[in-house]
Amino acid sequence: KSIQIARHVQSIIDIKPDIIIIHFGFDNAIAGVIAAELLNCPSITWFHGSDIYVAPHRSLKWITKKSSRVITNSLYSLSQLKQLGVDSDVEVSYLGVDIATFRPLVNIKKSEEPVIICVGRLGHNKNQSALLSIFKDVVLTFPNAKLWLIGDGPSKGIYQKYVKDTGMLDNVIFWGNQSQEKIIELMNMAWVKVLLSEKEALGVAFIEAQAVGLPCLGTDVGGIPEVISEGETGYLINFDDAEFDSKVLSTIISLLS
């Protein structure tokens, strides 16, 4: 990838920026800090989570040493960087959402049927397989309950087959990728936001849901506990709990009730 990075460096130099702000610590970050050094201008590198898990440790350490300032999105991400040997100063700046956009809409009515909404890539540590399995038992208590899955991804076909095989075609709706406006509309119609992630640097989807006024149910992994206020804006379930499924189920039933 050296040629691609070199070309990226040249394209940045051609712009002659006063400051370079780099999002994610991948190859673009390598190009960004090299260009900043050649231009003798400051650079800010912002780590978001997936880059921390994927980028080689030596790259993370080199990028952070070369950056003027380093920022990440949660205390959890900060701890991950430190565990990987990053000894540069790192600041935490939480991501936010535009509350003028993500808000309760007075012209949108809640669905008459109980609706659980899950916004996230289908697969990629979002763990919708666990949610589908648990939702099968939710339907025993609420036969008219709906699960709206927003997003697309590599596991979509597997999930669709599971829904068909378990007879939940009338209960589970795959919305696919939707515009921000449509997602806000659907969240306003839903009753509960559930995302059972296996790994999450922060959990912006929970921030969006809470801004709309939805109670949230999530796992206590990564930065999610920094987003959900337990018992106030939602609930957290211990991901390693031996009774994880039953606790998620009882919490969903309680919220829908």
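Calculation criteria
- Residues numbered from 1 in each chain as written.
- Predicted model: local features only at pLDDT ≥ 70, side-chain atom pairs only at ≥ 80, totals over all residues.
- Heavy atoms only, no water.
- Axes fitted to C-alpha atoms, helices over the stretch in contact; angles between N-to-C directions.
- Helix = DSSP H or I, 4+ residues; strand = E, 2+ residues; numbered from the N terminus.
- Parallel < 35°, antiparallel > 145°, perpendicular 65-115°, else oblique.
- Left-handed = near helix turned anticlockwise from the far one by under 90°.
- Contact = heavy atoms within 4.5 Å.
- Nonpolar A, V, L, I, M, F, W, Y, C, P; charged D, E, K, R; others polar.
- Core = buried A, V, L, I, M, F, W, Y, C linked by side-chain atoms within 4.5 Å.
- Buried < 20%, exposed > 50% of the residue type's maximum accessible area, 1.4 Å probe, protein only.
- Pairing = 2+ DSSP bridges.
- Right-handed = clockwise from strand over helix to strand, strands pointing away.
- Polar contact = N/O pair within 3.5 Å; in protein donor to acceptor, adjacent residues only side chain to side chain.
- 1 Å grid on protein atoms, 1.4 Å probe; cavity = no way out; pocket = protein on both sides within 12 Å on 5 of 7 lines; lining within 4 Å.
- Points joined across faces, edges and corners; volume = space filled by probe spheres on them.
- Phe/Tyr/Trp six-rings, centres within 6.5 Å; stacked < 30°, edge-to-face > 60°.

Chemist: A description of the packing of helix α6 (residues 128-141) against helix α10 (residues 244-256) should follow, citing residues and the corresponding values.
Modeler: Following both chains from N to C, one finds α6 and α10 inclined at 45°, their axes separated by 10 Å at the closest point. With respect to their mutual orientation, α6 and α10 come out oblique. Considering only the axes of α6 and α10, their crossing is right-handed. When α6 is examined against α10, the residues Leu-131, Ile-134, Asp-137, Val-138 and Thr-141 are found in contact with a partner set consisting of Phe-244, Asp-245, Val-248, Leu-249, Ile-252, Ile-253 and Leu-256. Class assignment of the residues belonging to the contact of α6 with α10 gives a composition of nine nonpolar, one polar and two charged.

Chemist: How would you sum up the nonpolar core? Please name residues and give values.
Modeler: Grouped together as the largest cluster of nonpolar side chains are 53 residues, with contacts concentrated most on Ile-117, Phe-135 and Ile-252. A per-element tally of this core places α6 first, with seven residues. For Phe-135, the contacting residues outside a window of four places in its chain are Ile-116, Ala-145, Lys-146, Leu-147, Met-168, Asn-171 and Val-172. In terms of nonpolar packing, the next biggest core, distinct from the first, is built from 22 residues, Ile-12, Ala-36, Ile-52 and Val-86 among them.

Chemist: So what's going on with the sheet that holds strand β8 (residues 192-195)? Which residues, and what values?
Modeler: The pairing of strands in a sheet comes from backbone hydrogen bonds and takes either a parallel or an antiparallel form. Sheet architecture is open: six strands sit in the order β7-β6-β5-β8-β9-β10, paired in parallel fashion. Two strands close off the open sheet at either side, each with one partner strand: β7 (172-176) and β10 (234-237). When the angles between neighbouring strand axes are averaged without regard to direction, this sheet yields 20°. Strands in contact with α6 are β5 (115-119), β6 (146-150), β7 and β8; relative to β6, the strand with the most contacts, it is inclined by about 170°.

Chemist: Any chance you could break down helix α8 (residues 180-189) for me, citing the residues and the numbers?
Modeler: Listing the buried residues of α8 in full gives Ile-183, Ile-184, Leu-186, Met-187 and Asn-188. Tucked into the core, α8 has its buried residues touching β5, β6, β7 and α9 (204-212).

Chemist: Could you give me a rundown of the pairing of β5, with the residues and numbers involved?
Modeler: Among the five residues in β5, five count as buried, and that is most of the element. Burial along β5 is two-sided: Val-115, Ile-117 and Val-119 facing one way and Ile-116 and Cys-118 facing the other are all buried. Bridging between β5 and β6 involves five bridges; their strand directions are parallel. From the neighbouring strand, Ile-116 faces β6, where its bridge partner is Leu-147. Taken together, β5, α6 and β6 constitute a β-α-β crossover, and its handedness is right-handed. With two bridges connecting them, β5 and β8 associate as parallel partners. Bridge pairing in β8 links Ile-117 to Lys-193.

Chemist: Could you give an account of the side chain of His-48, naming the residues involved and the relevant values?
Modeler: Note that His-48 resides in the loop between β2 (43-47) and α3 (50-54). At 2.8 Å, the side chain of His-48 forms a polar contact with the side chain of His-23. If we skip the residues at most four places from it in the chain, His-48 touches His-23, Phe-24, Asn-73, Leu-95 and Ala-201.

Chemist: Pulling in residues and values, what's your account of the layout of surface pockets?
Modeler: A volume near 740 Å³ is recorded for the largest pocket. Along the walls of the largest pocket sit 34 residues, with Lys-126, Glu-200, Gly-203, Val-204 and Ala-205 positioned nearest its centre. Taken together, the elements giving at least two residues each to the lining of the largest pocket come down to α3, α8 and α9. By residue class, the composition of the lining of the largest pocket is 14 nonpolar, 14 polar and six charged.

Chemist: Account for the packing of aromatic side chains, naming residues and giving values.
Modeler: Applying the stated criterion to the full structure yields three aromatic pairs. Judged by centre distance (5.5 Å) and plane angle (70°), the ring pair of Trp-148 and Trp-175 falls under edge-to-face. Placement of the pair is Trp-148 in strand β6 and Trp-175 in strand β7, with a sequence separation of 27 residues. You can call Trp-148 buried: its relative accessible area is 6%. Ring geometry for Phe-239 against Phe-244: centres 5.6 Å apart, planes inclined by 70°, an arrangement best described as edge-to-face. The class for Phe-239 is partly exposed, based on a relative accessible area of 26%.

Chemist: Quick rundown of the pairing of β2? Include the residues and the values.
Modeler: Here β2 lies mainly inside the structure; four of its five residues are buried. The pairing of strand β1 (residues 20-23) with β2 spans four bridges and is classified as parallel. Bridging from a neighbouring strand, Ile-21 pairs with Ile-44 of β2. Pairing geometry for β2 and strand β3 (residues 69-72), over four bridges, is parallel. Paired with Phe-47 across the two strands is Thr-72, which belongs to β3.

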